[in-house]
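Each chain is listed here by its residues.
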Amino acid sequence: MSNIRNFCIIAHIDHGKSTLADRLLEYTGTISRREMKDQILDDMELERERGITIKAKVVRMDYTDKNGVKYILNLIDTPGHVDFTYEVSRSLAACEGAILVIDATQGVEAQTLANTMLARNAKLKIIPVINKIDLPTADANSAYEQMKEGLEVDADPILASAKEGLGIREIVDSVIANVPPAKVVKEDPLSALVFDSFYDSYRGVIVIIRVFAGKIRKGMKVKFMVSDAEYEVLEVGYIKMKMIESDELSSGEVGYVVARIKDIHNIKIGDTITESENPTRHPHKGYKEINPFVFAGLYPNMTSEYDGLKTALGKLKLSDSSLVYFPETSVALGFGFRCGFLGSLHLEIVKERLEREFGLNILVTAPNVIYKAKSKDKFVKIDNPAKFLNSSDIEEIWEPYVEATIVCPVDYLGSILDLCRKRRGKQMLMKYMNTKIVILKYHIPLAEIIIGFYDALKSASKGYASFDYVHINPQLGDLVKLEIMINAEVVDAFTVITHKDKAQSIAHYLTEKLRDIIPRHMFEVPIQAKVNNKIIARETISVVRKDVLAKCYGGDITRKRKLLEKQKEGKRKMRRFGKVDIPPEAFIAVLKID
Ligand code: GTP
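Residues numbered from 1 in each chain as written. Predicted model: local features only at pLDDT ≥ 70, side-chain atom pairs only at ≥ 80, totals over all residues. Heavy atoms only, no water.

As annotated in an unreviewed UniProt entry, the protein carries the name Elongation factor 4 and comes from Endomicrobium trichonymphae. You can read under Subcellular location (unreviewed entry) in the UniProt record for the protein the words "Cell membrane". Listed under Catalytic activity (unreviewed entry) in UniProt, the entry text for the protein is "GTP + H2O = GDP + phosphate + H(+)". (UniProt positions renumbered as here; feature names shortened; annotations may be inferred.)

Along the backbone of the protein there are 14 helices and 34 strands. Counting the 594 residues in the protein, one finds 52% classified as buried. Sequence-distant contacts, at least 24 apart, represent 69% of the contacts inside the protein between residues at least 6 apart. Roughly 27,900 Å² of accessible area belongs to the protein as shown, and the carbon and sulfur atoms make up 50% of that amount. (Helix = DSSP H or I, 4+ residues; strand = E, 2+ residues; numbered from the N terminus. Buried < 20%, exposed > 50% of the residue type's maximum accessible area, 1.4 Å probe, protein only. Contact = heavy atoms within 4.5 Å. Areas by Shrake-Rupley, 256 points an atom, 1.4 Å probe, with all protein chains shown as cover.)

Attention now goes to the UniProt feature "binding site: GTP" (unreviewed entry) in the protein. Look at the UniProt record and you will see "binding site: GTP" (unreviewed entry) annotated at D14, H15, G16, K17, S18, T19, N131, K132, I133 and D134. By secondary structure assignment, the location of G16 is in the loop between β1 (4–11) and α1 (17–27). According to the relative accessible area criterion, G16 is buried, its value standing at 13%. The topology assignment puts I133 in the loop between β5 (125–131) and α5 (140–151).

For the rest of this paragraph, the subject is the domain arrangement of the protein. When the domains of the protein are assigned, the result is domain 1 (4–178), domain 2 (191–275), domain 3 (294–365), domain 4 (372–477) and domain 5 (480–592). Relative placement of domain 2 and domain 3: their C-alpha centres are 30 Å apart. (Domains from an automatic or database assignment.)

Notably, R260 is not glycine yet its phi reads approximately 50 degrees, a positive angle. Mapped onto the fold, R260 is located in the loop between β15 (254–258) and β16 (272–275). You will see that N532, though not glycine, has its phi angle at about 45 degrees, which is positive. Checked against the element boundaries, N532 lands in the loop between β31 (525–531) and β32 (534–541).

Here you go:
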């Protein structure tokens, strides 16, 4: 029997996963208190600020129990957000067990449910832990009840406080006693699962693997079975806060591989590495090509920043293989890029990294999903609303759907049902976890949740509801393209695709909003919304003669100059469209459609 335990921690956001990981590292002596920075596993600055874990990582802990038996405990850290579900599933596939953390003050939430389902599908042994019992508002009994009812997890939970270090020894003992030891299949050809990768500017792509059979060592010629790429292994080793080279990684172990890999696209999460000369007949199952689900246009605020944006996207893509982008031109916004993301959080992260790490100012158009349309017996994919066809050219149109899981207190049920109905959701399940908490399952068009759904859910439930989703098959939809014309010309960046029944209210919302945001000009500016060449809403911005100097009586020339400068600056930030100046807030208005 092997002495290796491969496990992960699953939890809803903020239930204490990173804090618990820190305590485990400390308890096993992997890192001393002195070296400990808070939440060591979340090492990107952005991750720390947002308090979420973006990329899966792994750390090896060497541990000797009280009888002197030595163990290797591999803790595999999984990303905590719905956009990264596939990565989570591949990380789970590298494990035999999962510590399920539930916050004693919050109980079971949507991601607790979703992650427990994933762990169960991966056939992991689940070790439930009720965390934060140090807090006065902790209610371990209620958390336990919800765990039994909602998650159908029967095992006795360990009561813990990751913050105060309570229950940590019990957790480690339980991992050793209950997580099945990693199987050792030394004789078979190499079969290793790729479950993470990252880009190192000196060594190229570094691949994180779990070896299921055989061994991998320096000098070996290996093949990535899905991407069909071959490399010679330069180095293998394991990660114990930093990379530590070893002679080989053998069956049961988790570690890293360096092989002078320049192109991250050859490395696909879920792929199997095998020996080129002696390939395995058992590649790992469950590989999926991940394609972006959400698209948006990214435009530099100043034309001169176009090249900078292009370089920055190229650099980001080196470390983020799920990001796609290609050049696009917008009549309103000029030259930019259409980018594909895994979800709206992924979009936010990319935007922030572009601004923070590359110092760029960018404008992001409203995100949209990919539609599949049948037109003249041909199927076309539409990733940009501006390219959506007119209704007369469409025979059928499919839109992507998700199955959403919402966990909420009964008190807010009414407003949440209302929200889901407004977002065209179809209820699939309503189940009480106890008298206070309800689980809802809905089928909802993806387009209805990528803009503002999460915020609306939070405000409908005073922050108490939680939410997660998985992608399901697309469904036929009755959709139309709604265009906005300013001064009689279509502004492509405002085009939205919407359900027929919602077109009218969105048309009113947008035209009114734009009327308020766009400044008055020396001429009248009509703002119109049209669907299939028919105007369905109109607002007008009346004429004004703007005299900024009117306030400056007397001859204070410096003051006058200042005002003129200020006005010029205001102008520079505007987008000139035809003869009309459109301020950047106008483009954000489209993001706020409810
Ligand atoms: P994500 O990385 O966002 O998924 O969050 P997480 O699950 O890793 O949670 P994290 O460890 O960042 O903890 C969230 C907050 O809860 C932090 O402010 C922690 O200090 C706090 N926290 C974690 N465990 C405990 C605990 O046992 N007791 C108390 N009082 N606070 C805790």
